[in-house]
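Architecture and fold: a report
One-letter residues, chain by chain:
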Amino acid sequence: GFFQSYAVEVDVKDASNATCLYAKWMMKFLIKYETNSSDYKNTTLDLSSNVTHNGSVCGNDTQAALLAVQFGGGHSWSVNFTKTNETYQGDFVTFTYNTNDTAVFPDAKRKGPITVVVRDTMSPVQLNNVFVCHSTDSLEAENVTQIFWNVTVQAFVQNGTIGKKETRCQADTPTPEPTISPTIANMTTASVTTVSPAPTTAPKPVKNPVTGNYSLKSGNTTCLLATFGLQLNVSQDKPHLINIDPKTTSADGACGNTTATLKLNDGNSTLIAF
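Residues numbered from 1 in each chain as written. Predicted model: local features only at pLDDT ≥ 70, side-chain atom pairs only at ≥ 80, totals over all residues. Heavy atoms only, no water.

Selection rule: UniProt positions are given in the numbering used here, feature names are shortened, and annotations may be inferred rather than shown by experiment.
As annotated in an unreviewed UniProt entry, the chain carries the name Lysosome-associated membrane glycoprotein 2 and comes from Hemiprocne comata. Database annotation for the chain, UniProt heading Sequence similarities (unreviewed entry): "Belongs to the LAMP family."

As structure tokens, this is what we get:
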């Protein structure tokens, strides 16, 4: 896998002990915070093995469903789901991290809980359908990048039974292969026709990635310079090559006294940190 983290599974029950909200997913957080020396550091917050889901709510026609988890040294995450006619969808994601957790935030200048709220990008899902997204997705706001993958969720479960139909995220939907029509050659007369097999089409060579120039500043001073072309080779069912386009890629990160981090986001759920 791309990340090391624990999977979370939450099965919320109603008053009759029937499942009303179910979710299983993996997530982690990339956070930039200010230190006492006014530097900015990047840290990674992973889920611990001990996760609680206090405060989760089933929801109904007039009340939103709420999926809430707590983990680590005072951190929490939640998403609420709203139902409209025959569909449901995620509404807002609320993430609270506690900089008093010195194992994750050593030398943090600001102490205590910090809350980030961002709108969920989940599309409407038909009631009784399970939303599934194995691909990596991310949300960014206020120096926090939330990364999710292997997501399975169903809100407003009917009759306590998880649906059998899946609604897949767009990133999981494969691109259909183009259809190549056969070539008919050497046609002489209507009575005598020779059909040659379709020529084998050589795979198109993948172009080299475009070279990009990336830089970071600390105050008014440039502290990091990078010039390179970047191509990712992701091997799943078959190799998939991705060229990172500098024109659509934003650079972020931070420079410290002993470390520097360059974070690239191409706007298509590809997030790379050096």
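**Considering the pairing of strand β11 (residues 137-141)**
For clarity, the threshold we go by: Between any two strands, at least two bridges found by DSSP are needed for them to pair. Runs of H or I in DSSP of at least four residues are treated as helices and runs of E of at least two as strands, each being numbered from the N terminus.
Pairing of β11 with strand β12 (residues 144-154) involves five bridges; the strand directions are antiparallel. From the neighbouring strand, Ser-138 faces β12, where its bridge partner is Ile-147. In sequence, β11 turns back onto β12 through a hairpin of two residues, with Glu-142 there showing a positive phi of about 50°.

**A few points about the pairing of strand β8 (residues 113-119)**
The following threshold applies: Buried means the residue's accessible area, taken with a 1.4 Å probe over protein chains only, is under 20% of the maximum for its type, while exposed means over 50%, and partly exposed covers the values in between.
Burial along β8 is one-sided: the residues Ile-114, Val-116 and Val-118 are buried and none of Pro-113, Thr-115, Val-117 and Arg-119 is. In the sheet, strand β7 (residues 87-98) pairs with β8 via seven bridges, with the strands oriented antiparallel. Paired with Phe-92 across the strands is Arg-119, a residue of β8.

**With respect to the pattern of salt bridges**
Basically, it comes down to this: We count a salt bridge whenever a side-chain nitrogen from Lys or Arg sits within 4 Å of a carboxyl oxygen from Asp or Glu.
With the rule as written, the count across this model stands at eight salt bridges. Asp-252 is the partner of Lys-32 in a salt bridge, and the nearest nitrogen-oxygen pair spans 3.4 Å. A residue pair is termed long-range when its members are at least 10 positions apart, and Lys-32 in strand β2 (residues 19-34) and Asp-252 in strand β18 (residues 250-255) qualify at 220 residues. Classification of Asp-252 as partly exposed rests on a relative accessible area of 32%. Taking the shortest distance from any N to any O, the salt bridge between Arg-168 and Asp-172 comes out at 3.2 Å. When its relative accessible area of 16% is taken as the criterion, Asp-172 is described as buried. Residues joined in a network through salt bridges with shared partners are Glu-166, Arg-168 and Asp-172.

**Quick word on the side chain of Thr-35**
Heads up, the condition is: Two N or O atoms form a polar contact when they lie within 3.5 Å of each other; inside protein one atom must be a possible hydrogen donor and the other a possible acceptor, and for residues adjacent in sequence the pair counts only when both atoms belong to side chains. Contact definition: two residues touch when any of their heavy atoms are within 4.5 Å.
Considering the arrangement of structural elements, one finds Thr-35 in the loop between β2 and β3 (40-46). Polar contacts involving the side chain of Thr-35 include one to the side chain of Ser-37, which spans 3.0 Å. Excluding residues within four positions of it along the chain, Thr-35 makes contact with Lys-41, Asp-107, Ala-108 and Lys-109.

**So, the state of the cysteines**
Test applied: Pairs of cysteine sulfur atoms within 2.5 Å are what we label disulfides.
Inspection of every chain in the model, using the stated rule, returns three disulfides. Between Cys-20 and Cys-58 runs a disulfide, and the two sulfur atoms are separated by 2.0 Å. As the torsion about the S-S bond is roughly -70°, the Cys-20-Cys-58 disulfide counts as left-handed. Of the two residues, Cys-20 sits in strand β2 while Cys-58 sits in the loop between β4 (51-52) and β5 (65-71), which places them 38 residues apart along the sequence.

**Re the layout of surface pockets**
Cut-off, in case you're wondering: Cavity: a set of points on a 1 Å grid over the protein atoms alone where a 1.4 Å probe fits but cannot get out. Pocket: an open set with protein on both sides within 12 Å along at least five of seven lines, its lining residues, like those of a cavity, having an atom within 4 Å of a point. Grid points are joined across faces, edges and corners, and a volume is the space filled by probe spheres set on the points. Gly counts as polar in this scheme, as do all residues outside two lists: the nonpolar Ala, Val, Leu, Ile, Met, Phe, Trp, Tyr, Cys and Pro, and the charged Asp, Glu, Lys and Arg.
Each pocket or cavity is described by its volume, and for the second largest pocket that value is around 220 Å³. Taken together, 13 residues make up the lining of the second largest pocket; nearest its centre are Tyr-33, Glu-34, Tyr-97, Arg-110 and Ile-114. Sorting the residues of the lining of the second largest pocket by element identifies β2 and β8 as the ones contributing at least two each. Ranked by the residues each element gives to the lining of the second largest pocket, the list is headed by β2, at three residues. Residue classes in the lining of the second largest pocket are distributed as six nonpolar, two polar and five charged.

**Examining the nonpolar core**
One recurring pattern in soluble globular proteins is that nonpolar side chains are buried together. To be explicit about the condition: Only buried residues count toward a nonpolar core. Its members are Ala, Val, Leu, Ile, Met, Phe, Trp, Tyr and Cys residues joined through side-chain atoms within 4.5 Å.
Within the largest apolar cluster, 44 residues are counted, with the highest numbers of intra-cluster contacts made by Trp-25, Trp-77 and Phe-81. Contributions of two or more residues to this core are made by β1 (7-13), β2, β5, β6 (75-84), β7, β8, β10 (129-133) and β12. Here this core takes eight residues from β2, the largest share from any one element. Apart from residues no more than four positions distant in its own chain, Phe-81 is found in contact with Leu-21, Ala-64, Ala-65, Leu-67, Tyr-88, Gln-89, Gly-90, Met-122, Val-153, Ala-155 and Phe-156.

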